[in-house]
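Chain and residue survey
Below, each chain spelled out in residue letters.
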Amino acid sequence: MRFFETKFLEEANEFIAKLDHKTIKKILYNIDLAEQTNDPKLFKKLKNDIWEFRTKFAGLQIRLLAFWDKTDNKETLVIATHGFVKKVDKVPANEIDRAVKLREKYFNKKQNK
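Everything numeric here is computed off the predicted structure, so don't read it as measured data. (Residues numbered from 1 in each chain as written. Predicted model: local features only at pLDDT ≥ 70, side-chain atom pairs only at ≥ 80, totals over all residues. Heavy atoms only, no water.)

Some thoughts on the layout of surface pockets
- For the largest pocket, the calculated volume is near 290 Å³.
- As for the largest pocket, its lining consists of Leu 9, Glu 10, Glu 11, Leu 102, Lys 105, Tyr 106, Lys 109, Lys 110 and Lys 113.
- Within the residue set of the lining of the largest pocket, elements represented by two or more residues are α1 (10-17) and α3 (93-111).
- Of the residues in the lining of the largest pocket, the class split is three nonpolar, no polar and six charged. (1 Å grid on protein atoms, 1.4 Å probe; cavity = no way out; pocket = protein on both sides within 12 Å on 5 of 7 lines; lining within 4 Å. Points joined across faces, edges and corners; volume = space filled by probe spheres on them. Helix = DSSP H or I, 4+ residues; strand = E, 2+ residues; numbered from the N terminus. Nonpolar A, V, L, I, M, F, W, Y, C, P; charged D, E, K, R; others polar.)

Let's talk about the pattern of salt bridges
- Inspection of the entire model under this criterion finds eight salt bridges.
- A salt bridge links Asp 32 to Arg 2, with the shortest nitrogen-to-oxygen separation between them at 2.6 Å. Taken together, the residues span a long stretch of sequence, with Asp 32 in helix α2 (residues 21-37) and Arg 2 in the segment before β1 (5-8) at a distance of 30 residues.
- With a relative accessible area of 29%, Asp 32 lands in the partly exposed category.
- For Arg 2, the salt bridge identified is with Glu 35, shortest N-O distance 2.8 Å. Here Arg 2 is found in the segment before β1, whereas its partner Glu 35 is found in helix α2, with 33 residues between them in sequence.
- Judged by relative accessible area, Arg 2 falls into the partly exposed class, the value being 45%.
- Residue classification places Glu 35 among the buried positions, given a relative accessible area of 8%.
- Here the residues in one salt-bridge network are Arg 2, Asp 32 and Glu 35, joined through shared partners. (Salt bridge = Lys/Arg side-chain N within 4 Å of Asp/Glu carboxyl O. Buried < 20%, exposed > 50% of the residue type's maximum accessible area, 1.4 Å probe, protein only.)

Comments concerning the sheet that holds strand β4 (residues 60-69)
- Read across the open sheet, the five strands follow the order β1-β5-β4-β3-β2; overall the sheet is mixed. The outermost strands of the open sheet, each flanked by one partner alone, are β1 and β2 (43-45). Across the sheet, the mean angle from the axis of one strand to that of its neighbour is 35°, orientation sign disregarded.
- Sheet analysis places β1 next to strand β5 (residues 77-86), joined by four bridges and oriented parallel. Considered in β5, the bridge of Glu 5 is made with Leu 77. (Pairing = 2+ DSSP bridges. Axes fitted to C-alpha atoms, helices over the stretch in contact; angles between N-to-C directions.)

On their own, these measurements won't tell you what the molecule is for.
Right, here's the structure in full:
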């Protein structure tokens, strides 16, 4: 059973494409696991309705920020906005702000279709 499905915005795809094959495999594995388990170690709420997919791999803390899209009523989608390698304990505020802007852009575009 899946709790949600994950879609990637262009920025998230571009970030993932720059990583090596093993790292990509681990990130996708963790996202798949998060979709099935709802484990806060893998997927957790930050603030401003922004969530993070968490992956630790090869000494790196990799984060993909995301938000929920429940507007279609058929299934719950999580939209991954972008990713970064975390260097400090807290997720930088500018990364959260970036995710908020990408979320607004996503919903504006969706409304205007």
